[in-house]
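Structural overview
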Amino acid sequence: MFTKSVLSSVFALLLFSSCFTWANQIETSKPGPIAIALHGGAGTLSPQQFTPERKAQYYAKLSEALEAGYRILQTGADGQEAVVAAIMILENSPLFNAGVGAVYTFDAEHELDASIMHGKTREAGAIAGVKHIKNPILAAQAVMNHSVHVMLSGDGAETFAEQFAIERVDNSHFNTERRLQSLHKAKARIKRQASLNYQHPEKFGTVGVVVLDQLGNLVAGTSTGGMTAKRFGRIGDSPIIGAGTFADNASCAVSATGHGEYFIRYQVASDICKRMTYQNLSLAEAADEVINRVLVDAGGDGGIVAVDAQGNVAMPFNTTGMYRASIDANGVKTVAIFE
Ligand code: ASP
């Protein structure tokens, strides 16, 4: 009799605790919020430059990349998959200064830079000055996931990429007539300025994506052809962790576009996230402070896209326009170019 009642109490207890664990598991496995933001460059853009058809082209490509990344986030995949997929769509479009459509160097070639950072582990991968990798973001991802290093450059980066069967192409794959015309204009300007460098770039077409995935991971990636008429192996901010790309699950993920030298010197991407940590600022406040005060005071043109751990999105820029798109944690979608 006694044994029977003890047994039934134990059974009831077990049943209760397993129901509790089960309920708990449902609670903890509930997917977290997701968000994505991307840019296709910032600069002196004016609505008059855009025919309705041209504007529609940009909107369509930004939306395509945004939705591709968002769909991946909805599956519960790691954020890096969404970042890479969305960036590849932009790299494969001639509209942006990354992959096909990359700007020309002074010597009429293309040298590409890219980086990616994962906010959970703070692991990062970057490649700089590569000439034959069709989708530089894939090589940056391979560096992050398979190399003990963070940044590889030039021929060495190409050799590394080969080991992962990452597609390589002739440098002419990246050619576009529009960017060639920009090179001719830049060279004429350099001649007038009698300077070794092109000092007044006005348009930046770098691409970048930041996401919050269902597990609370913040990931950022950036890919670029750099700046028109660059020479002497110039590398900008895009492949530099902390400058053009940064992610930390504790604060935010940022991808930048603009005059890279300023973004390097002011460590723009990490500065925004650190202001959240050290000054307890919101994402919007920190991003605004760095882009619209620090950079403006310094004379640095450009903008960023950023997302925080709650899925808030910020996309400030201090130029007249920035190609951008986002879906925040509430599912609100934005696609825009001008202010
Ligand atoms: N930030 C890039 C660089 O300086 C240029 C861009 O944003 O288009 O290389």
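Here the residue numbering is sequential within each chain, running from 1 through the sequence in written order. Given that the model is predicted, a residue must reach a pLDDT of at least 70 before its local features are reported, and side-chain atom pairs must reach 80 or more before they are shown or counted; all residues, however, enter totals for whole chains, interfaces and linings. To get the side-chain values, take all heavy atoms of the structure and skip hydrogens and water.

**Quick look at the overall build of the protein**
Operational definition: For helices the rule is a DSSP run of H or I covering at least 4 residues; for strands it is a run of E covering at least 2, with both sets numbered from the N terminus onward. The contact criterion used is simple: two residues touch if any of their non-hydrogen atoms lie within 4.5 Å. To be clear on the numbers: accessible area is Shrake-Rupley with a 1.4 Å probe, and residue cover counts the displayed protein chains and nothing else.
Each helix and strand counted, the protein has nine helices and twelve strands in total. Of all intrachain contacts in the protein linking residues separated by at least 6 positions in sequence, the fraction that spans at least 24 positions is 69%. Carbon together with sulfur atoms contributes 55% to the accessible area of the protein, which is approximately 15,100 Å² in total.

**Thoughts on the pairing of strand 6 (residues 218–224)**
Note the cut-off: Any residue under 20% of the maximum accessible area for its type is buried, any over 50% is exposed, and the rest in between are partly exposed; the area is computed with a 1.4 Å probe on protein chains only. Only when DSSP finds a minimum of two bridges between them are two strands counted as paired.
Counting buried positions along strand 6 yields seven of seven residues, so the element is predominantly enclosed. Residues Leu218, Ala220, Thr222 and Thr224 line one face of strand 6 and the alternating positions Val219, Gly221 and Ser223 line the opposite face, and both faces are buried. Inspection of the sheet shows strand 5 (residues 207–212) paired to strand 6 by six bridges, in the antiparallel sense. Bridged to Val210 within strand 6 is Ala220.

**Points about the site of the ligand**
This is how the line gets drawn: If even one non-hydrogen atom of a residue comes within 4 Å of a molecule or strand, that residue is called near it. We define a polar contact as two N or O atoms separated by no more than 3.5 Å, with the added condition that, inside protein, one atom must be a possible hydrogen donor and the other a possible acceptor, whereas residues neighbouring each other in sequence contribute only through side-chain atom pairs. Any residue outside Ala, Val, Leu, Ile, Met, Phe, Trp, Tyr, Cys, Pro, Asp, Glu, Lys and Arg is labelled polar, Gly included; the first ten of those are nonpolar and the last four are charged.
Neighbouring the ligand are 13 residues; Thr206, Arg234, Asp237, Thr257 and Gly258 lie closest to it. Asp237 has a polar side-chain atom sitting 2.6 Å from a nitrogen atom of the ligand. Relative to its free-state accessible area of 270 Å², the ligand is covered by the protein chains to the extent of 100%. Here the residues of the shell around the ligand sort into two nonpolar, nine polar and two charged.

**Some points on the sheet that holds strand 6**
What holds strands together in a sheet is hydrogen bonding between their backbones, with the strands either parallel or antiparallel. Note the threshold: Comment: axis = line fitted to C-alpha atoms, over the contacting stretch for helices; angle = value between 0 and 180 degrees taken between N-to-C directions.
Ordered in space as 4-3-2-6-5-1-11-12, the eight strands form an open sheet in which the pairing is mixed. The outermost strands of the open sheet, each flanked by one partner alone, are strand 4 (151–153) and strand 12 (333–338). Strand-to-strand twist in this sheet, taken as the mean axis angle between neighbours without regard to direction, amounts to 5 degrees. Of the strand pairs in this sheet, strand 11 (residues 321–327) and strand 12 are connected by five bridges, and their pairing is antiparallel. Paired with Ala325 across the two strands is Val335, which belongs to strand 12. Strands in contact with helix 2 (residues 52–74) are strand 1 (35–43), strand 5, strand 11 and strand 12; relative to strand 12, the strand with the most contacts, it is inclined by about 145 degrees.

**Side note on helix 5 (residues 154–162)**
Side chains three or four residues apart in an α-helix point the same way, a direct result of the helix having 3.6 residues per turn. Heads up, the condition is: Directions pointing from the helix axis toward each C-beta atom define the arc.
Three or more residues of helix 5 are buried, namely Ala157, Glu158, Phe160 and Ala161. The arc that holds every buried residue of helix 5, seen down its axis, measures 160 degrees, which confines them to one face. In this structure, the buried side of helix 5 is in contact with strand 3 (123–130), helix 4 (136–146) and strand 4.

**Considering the side chain of Ser251**
Relative to the helices and strands, Ser251 resides in the loop between strand 7 (245–247) and strand 8 (252–258). Overall, Ser251 belongs to the buried group, its relative accessible area being 3%. Apart from the residues within four sequence positions on either side, Ser251 is in contact with Leu218, Cys273, Met276, Thr277, Val307, Asp308 and Ala309.

**Digging into the environment of Lys333**
Examined against the element boundaries, Lys333 turns out to sit in strand 12. Residues Lys333 and Ala37 lie 296 residues apart in sequence; the distance between their C-alpha atoms is 9.5 Å. Ignoring anything within four residues of it in the chain, the contact list for Lys333 reads Ser63, Leu66, Glu67, Ser326 and Ile327. A distance of 3.4 Å separates polar atoms of two side chains, one belonging to Lys333 and the other to Ser63.

**Some remarks on the packing of helix 2 against helix 3 (residues 79–91)**
Convention followed: The scheme is simple: roughly parallel for angles under 35 degrees, roughly antiparallel for over 145, roughly perpendicular for 65 to 115, oblique for anything else. Throughout, a crossing is termed right-handed when the near helix is turned clockwise from the far one, and left-handed when it is turned anticlockwise from it by less than a right angle.
The contact between helix 2 and helix 3 brings their axes to 8 Å, and the two run at 160 degrees. Viewed along their axes, helix 2 and helix 3 adopt a mutual orientation that is roughly antiparallel. Between helix 2 and helix 3 lies a crossing of right-handed hand. Of helix 3, the residues touching helix 2 (which contributes Lys61, Glu64, Ala65, Ala68, Gly69, Ile72 and Leu73) are Gly79, Glu81, Ala82, Ala85, Ala86, Ile89 and Leu90. Of the residues belonging to the contact of helix 2 with helix 3, the class tally is nine nonpolar, two polar and three charged.

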